[in-house]
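# Remarks on the overall topology
Okay, here's what each chain looks like letter by letter:
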Amino acid sequence: MEDNELLADFVVEANEHLADIENQFLAIEEAAPNIDVNLVNEVFRAIHSIKGAAGFLGLRTVNDLAHNLENVLNMMRNEELTPTSAIVDDMLKGADALKGLIEDVENSNGVDVGAHITALERIAAAAMEIGNEPVSEEAVHAESSPSTLAETEPAAELTPAPAAPTGVPSDEELEAAINAKLAEKKAAKAAAAAKPAETTPAASKAIEPKAETKPAAAPAPEADAKDAAAKSTPEAQIRVAVNVLDSLMNLAGELVLSRNQLLQAVSTEEKTGLEAISARLDQITSELQEAIMQTRMQQIGTVFSRFPRVVRDLSSKLGKQCDLEIEGKEVEVDKTIVEAIGDPLTHLVRNSCDHGIELPEVRTAAGKPAKGTIKLKACYQAGKVRIEIRDDGGGIDPEKLKAKAVQKGVITPEQAESMNDREALRLIFAPGFSTAAEVTDVSGRGVGMDVVRTNIAKLGGTVDVESEVGKGSNIVVTLPLTLAIIPSLIVQVGCDRFAIPQVNIAELVRVRDSERSTKLGRVKNAEVLRLRGQLLPLVRLREKLGCGPAEGPVQGNATGATNVIVVDTGQTRFGLVVEALHDSEEIVVKPLGRHYKNCRKLAGATILGDGHVALILDIAGIAGDLNLRSDEELREKGADATTSAADKEDRQSMLFFKNNQVDNFAIPMDIIARIERVPVDQLDSVAGQEVLQYRDTTLPLMRLESCISASPGDFAESAYVVVYDVRGREVGLIAPELEDIREVPTVVDTVTFREPGVIGSLVTNEKTVRLLDLFELTQMSHPEWFSADSEPELNEESLPPMILLAEDSGFFRTQVKKIFEEKGYRVADFEDGKLAWEDLDAENHSYDVIVTDIEMPNMNGFELCHRVKNDPRFSSIPVIALTSLAGSADVQHGMEVGIDDYQIKMDRDKLLTAVQNFAGQAQQGRTAGSYA
Amino acid sequence: MNATTTTKDNLISSDQVQFSTFYVGEVLLGVDIRLVQEINRQLDITPVPNAPGHVRGVINLRGEVATVIDLRTVLGLPPAEQDRDTRNLIVHSQGEAIGLMVDRISDILTIRPDQISDSPSNVDGIDGKFFLGVHALQDTICVLLDVEQVLADRD
């Protein structure tokens, strides 16, 4: 038994040693002909440890193979051998074989690795022959018949039928073998200090009989070993950080304490303490859940690490030159996802290499560097993980895709006609769209992309594609952080309750009975919802799911309004009509039995607080089942006159609400954290401050009429609270009646209604609406929160930091400028990127920070940033981009041109902090620079 | 307790076998007792949209979600209302706990394998493919069900 334990430990340890070895070999190859001694040393040590342990455990084959690898590495680190691609190739194959052996360690002694050993020996021998001269590829491969000199190699002796082809050992080979022996001795000497007895004949002999009793149990062909290594092996064990364990222990302790309290309270029938105990239990459970989740989290790097090899092998096979850049290895996701994402990602990376990156001559002809780049990047985004596979290859031509799709009968010519480019690109995910050969013709992708999409959808994720012809493509995969527990909204459909994962929910829309005729409509045979000038297809869940009608009035929906949940699959966006909305809950996903494998609309089941089973809806499945066309097709053209007329102006998404019949207000959506609906009687007053008890915390509230000139609000039985963050606190503004959320042009009159708390006014739908400045409002009602504000750390001797501001919208320009100037910064403002660049280029001022809008005439923010970052004079100046609602595509593009930070235009707090940080850095840098 | 499947072969190899018997309609049926985990009245069944016709839905079985099969539909009998005798017989099949909804629970039947006779091609209009065999009692016969057949895919 002890032996088995030792063996298991060995396997774990060896796998750890081998985990990164591919990449290390590749790094060695890249550095060739130079030798990074430290790196080689590291690999050497790893292999050496394996060899030592294997010798100790009597794993002769492992020992031999490791020994030969070590040998070559040793020569490398002594600079007796110069690495070349061919050598690294053999070493990689050797390492693969070693992995294979360790995977099936029990039978490893019977596996034939003679071919690898001979290859490695040849390398060593060739190196010895030519002394310190670099070994050319020919020198290694010229000796094409690998000899199996039995007497020199114990492993070969063991294997009954060496895989090597026939061939009588020639003199050269004999000589090579002798040289190899010499090298081996040398290596052994080097290693002797650590493991003196590892290859003693006695030890070998003792094990020999054992090995012979297992006659070649598993002859592992090289390909197999490779496959095994490439596959993500589900781990039976997992490493957990000690601090996580400690916190688990602490939480367990607290849990026990709370249980004792609970038992006591129940036994003494004392009801008063129960609430506190239940709140405590609730908190501990949440923390425990989080801590346990943490133990399951693994770095996505474990998946990524295999790709350098994939790209290397594939590109050399295809005759392409390809670099792989990896970013975000440290991003952690649940281990089930880490295990399942490997294959789809491999597929995508291979695709990028195969179909994305062009051949070197094509690339040079197109004026691109011959070497293509694939970027693999992972990051967190809004509670999800975003993985991008970006290549700078030929891109995908939507027109060609359409033509192909029509030809294959995937879509009709009419559909193709009405498709925009984005939808056309998504055709690559359509089932049955294409096979490799056919798509390569149109320079597209599509090797089983529908399979990739299905697999990713199974994990609750989405995949999308962006591409620009000639510039490259970007595949974006979004995944949930964990699968086991998902936040969901519980809804009622007919008489049943269902859970909808919140990742899929875009927004909730309530259509009152009176608005039904204006907001709901029909296009052809499909029911649609008019939402901010767009038509969204509607799905009546009760009909689609065939649920029985609810018995009696539905709880939570007495008014007969239509509740629409707008869901988003990443591909399509549509509305689900449900009878009522219940709580949002964190649900534990339970699998459905085998009888439901054909239910595509369901993702699983869960058990609600009251013991009922609720089914979890699979939004992608529903969309697929209904064959929904994406929203863009149904967009209502010209429905909203302002939409098209004001296309070029800056637009801002605003929340409109009424305080009463006369006072209309607007707030930019960007700074709103969320909106709560509360019954009026829940609004509480403590020490003259209106508050809302909310999720165990107290939310301070403000009324407009107490801050600015407005009539008191009219309240129905419930009001809305607009929650936003100021100085890290949440504050609520009472909004008696919400009107709408709309994108409107920012044509703001900043004079007529200007007062502290009000930025100005704008006209929409023939009404004058006052635009609120939540920051100023808070400052007026709670000045004490701001008393500790630090002024920007201005260096007294030097001038205050100088900010370059580029913004085309006059309104925003004045606003932002004012914000900065109030804090003592100097600001130079420009109407577009071109003017800003001209000023910068003329070096009239030296700027500490550049703050720029993205969408501007003449020269946009990206272009400006690009120029700044590529000019050595300015490349060190930090660039902050201003945006209304940062789209992820924008952010991505921005990062590429070197934008340092993104800030939302109206979020003054964060903007100032960012500027302060960057300005501080820049000034320090300058001071330091001047002294240096 | 290793028996997770009941076949004719391993029925014959054991000395005595026990069957949990129950009624569906007027037919007395039995399943190998070793497959039965429990019998309960958990009839708060959540229907599952688009599920096969013989599946009633899912129940909460102490924190796990278990499928409930309507034996009446499987056996081709007319549907009936649930009443106070209706029970779920929870059986193990391929690592999953599955409920069989039955009209009324009866006794435990202990017999020797040689007392099981081959199944006729049908009993009261029920297809013989679901049967392991039949056992004749004094006044009636007990039909012994092949659980895997009952739970197998159809449509």
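Quick caveat: nothing in here was measured; it's all calculated off a predicted structure. (Residues numbered from 1 in each chain as written. Chains lettered and ligands numbered in written order. Predicted model: local features only at pLDDT ≥ 70, side-chain atom pairs only at ≥ 80, totals over all residues. Heavy atoms only, no water.)

### Description of the packing of helix α12 (residues 242-267) of chain A against helix α13 (residues 274-296) of chain A
Residue and element names in this part refer to chain A. Note the cut-off: Under this scheme, a helix contributes an axis fitted over its contacting stretch, all axes are lines through C-alpha atoms, and angles between N-to-C directions fall in the 0 to 180 degree range. Comment: elements are numbered from the N terminus, with helices defined as DSSP H or I runs of at least four residues and strands as E runs of at least two. Note that the term roughly parallel is reserved for angles under 35 degrees, roughly antiparallel for angles over 145, roughly perpendicular for angles of 65 to 115, and oblique for everything else. By definition, any crossing whose near helix is turned counterclockwise from its far helix by less than a right angle is left-handed, and any crossing with a clockwise turn is right-handed. In what follows, a contact means two residues having at least one pair of non-hydrogen atoms within 4.5 Å. We call Asp, Glu, Lys and Arg charged. Ala, Val, Leu, Ile, Met, Phe, Trp, Tyr, Cys and Pro are nonpolar, and the rest, Gly among them, are polar.
The N-to-C vectors of α12 and α13 enclose an angle of 155°; their axes lie 9 Å apart at closest approach. Classified by the angle between their axes, α12 and α13 sit roughly antiparallel to one another. The handedness of the crossing between α12 and α13 comes out as left-handed. Residues V244, S247, L248, L251, A252, E254, L255, S258, Q261, L262, A265 and V266 of α12 form the contact with α13, whose participating residues are L274, I277, R280, L281, I284, E287, L288, A291, I292, Q294 and T295. Looking at the contact of α12 with α13 residue by residue, the classes come out as 15 nonpolar, 5 polar and 3 charged.

### Some words on the UniProt feature "modified residue: Phosphohistidine" (unreviewed entry) in chain A
The condition that has to hold: UniProt positions are given in the numbering used here, feature names are shortened, and annotations may be inferred rather than shown by experiment.
Per the UniProt record, the feature "modified residue: Phosphohistidine" (unreviewed entry) sits at H48 of chain A. With respect to the helices, strands and loops of the structure, H48 of chain A is situated in helix α3 (residues 37-57).

### Topic: the state of the cysteines
What counts, and what does not: Only a pair of cysteine sulfur atoms within 2.5 Å counts as a disulfide in this structure description.
Throughout the structure, instances matching the rule amount to 0 disulfides over all chains. Among the cysteines around C353 of chain A, which has no disulfide bond, C322 of chain A carries the closest sulfur, lying 4.1 Å off.

### So, the sheet that holds strand β31 (residues 826-830) of chain A
Residues and elements named next belong to chain A. Applied cut-off: Pairs of strands are assigned from DSSP output, requiring at least two bridges between the strands.
The 5 strands are arranged β31-β30-β32-β33-β34 in an open sheet whose pairing can be described as parallel. Each of the sheet's edge strands pairs with one partner strand only, and the pair in question is β31 and β34 (901-904). Adjacent strand axes in the sheet meet at a mean angle of 25°, parallel and antiparallel pairs treated alike. Pairing geometry for strand β32 (residues 849-853) and strand β33 (residues 879-883), over 4 bridges, is parallel. The partner of T852 across the bridge, within β33, is A881. Against the sheet, helix α31 (residues 861-870) engages β30 (802-806), β32, β33 and β34, with an angle of about 155° to β32.

### As for the pairing of β31 of chain A
Residues and elements named next belong to chain A. Applicable threshold: Place the viewer so that the strands point away; then a crossover is right-handed whenever the path from the first strand over the helix to the second strand goes clockwise.
Bridge analysis of β30 against β31 gives 5 bridges, and the strand direction is parallel. Directly across from I803, in β31, lies its bridge partner V827. Note on the crossover from β30 through helix α29 (residues 810-822) to β31: the handedness is right-handed.

### Regarding the UniProt feature "modified residue: 4-aspartylphosphate" (unreviewed entry) in chain A
Here the UniProt-annotated "modified residue: 4-aspartylphosphate" (unreviewed entry) positions come out as D853 of chain A. Among the secondary structure elements, D853 of chain A is positioned in strand β32.

### A short note on the packing of aromatic side chains
All names here are of chain A. Short version of the rule: Any two of the Phe, Tyr and Trp rings considered here, Trp counted by its six-membered ring, make a pair once their centres fall within 6.5 Å; the pair's planes then place it as stacked at under 30 degrees, edge-to-face at over 60, or tilted in between. The buried label applies to any residue whose accessible area, calculated with a 1.4 Å probe on protein chains only, is under 20% of its type's maximum; exposed applies above 50%, and partly exposed to all values in between.
Scanning the model with the defined rule gives 4 aromatic pairs over all chains in all. Note on F304 and F307: the rings are 6.3 Å apart at their centroids and 50° apart in plane angle, and the pair reads as tilted. Judged by relative accessible area, F304 falls into the buried class, the value being 0%. According to the relative accessible area criterion, F307 is buried, its value standing at 0%. When the centroid spacing of 5.8 Å and the interplanar angle of 35° are considered together, the rings of F657 and F665 count as tilted. Both residues of the pair, F657 and F665, belong to the buried class.

### Re the sheet that holds strand β13 (residues 534-540) of chain A
All names here are of chain A. Taking strand neighbours across the sheet as the criterion, the 6 strands line up as β10-β14-β15-β13-β12-β11 in an open arrangement whose pairing is mixed. Strands at the two margins of the open sheet, each flanked by one partner only, are β10 (505-511) and β11 (520-523). With direction set aside, neighbouring strand axes in the sheet form an average angle of 40°.

### Some remarks on the interface of chain B and chain A
Under the convention used in this document: Each of two parts loses accessible area, computed with a 1.4 Å probe, when they are put together; buried area is these two losses added. One side-chain nitrogen of Lys or Arg within 4 Å of one carboxyl oxygen of Asp or Glu is enough to make a salt bridge. We call two N or O atoms a polar contact when they sit within 3.5 Å, provided that within protein one can donate a hydrogen and the other can accept it, with sequence-adjacent residues counted only if both atoms are side-chain atoms.
In this complex, chain B contributes 27 residues to the contact, which on the side of chain A involves 20 residues. With both chains or domains summed, chain B and chain A bury close to 1,900 Å², and 54% of this area falls on carbon and sulfur atoms. Counting the surface chain B buries against chain A, the share from its top three residues, P49, N50 and V65 of chain B, is 27%. For R594 of chain A, the salt bridge goes to E96 of chain B, with nearest N and O atoms at 3.5 Å. The interface formed by chain B and chain A includes 9 residue pairs in polar contact (both at pLDDT 80 or more). For the side of chain B that touches chain A, the secondary structure elements donating two or more residues are β4 (55-61), β5 (64-70), β7 (96-102) and α3 (147-151) of chain B.

### Concerning unusual backbone geometry
Residue and element names in this part refer to chain B. With a phi angle near 65°, N50 is a residue other than glycine that sits in the positive phi range. Relative to the helices and strands, N50 resides in the loop between β3 (36-40) and β4. With relative accessibility at 45%, the residue N50 sits in the partly exposed group.

### Digging into the packing of helix α15 (residues 307-318) of chain A against helix α16 (residues 335-356) of chain A
Residue and element names in this part refer to chain A. α16 packs onto α15 with a crossing angle of 35° between their chain directions and a minimal axis gap of 10 Å. Between α15 and α16 lies a crossing whose hand is right-handed. Along the contact surface, α15 presents F307, V310, V311, L314, S315 and L318, while α16 presents G342, L345, T346, V349, R350, C353 and D354. For the contact of α15 with α16, the class distribution of residues is 8 nonpolar, 3 polar and 2 charged.

### Quick look at the pattern of salt bridges
Residues and elements named next belong to chain A. Scanning all chains against the criterion turns up 41 salt bridges over all chains. R813 is paired through a salt bridge with D829; the nearest N and O atoms lie 3.6 Å apart. Of this pair, R813 sits in helix α29 while D829 sits in strand β31, placing them 16 residues apart in sequence. A relative accessible area of 29% means that D829 is categorised as partly exposed.

### Focus on the environment of E755 of chain A
Residue and element names in this part refer to chain A. Position of E755 relative to the elements: it lies in the loop between β27 (737-745) and β28 (758-764). The buried category is assigned to E755, whose relative accessible area is 19%. Separated by 21 residues in the primary sequence, E755 and E776 place their C-alpha atoms 9.8 Å from one another. Ignoring sequence-local partners within four residues, the contact set of E755 consists of I708, S709, R770 and E776.

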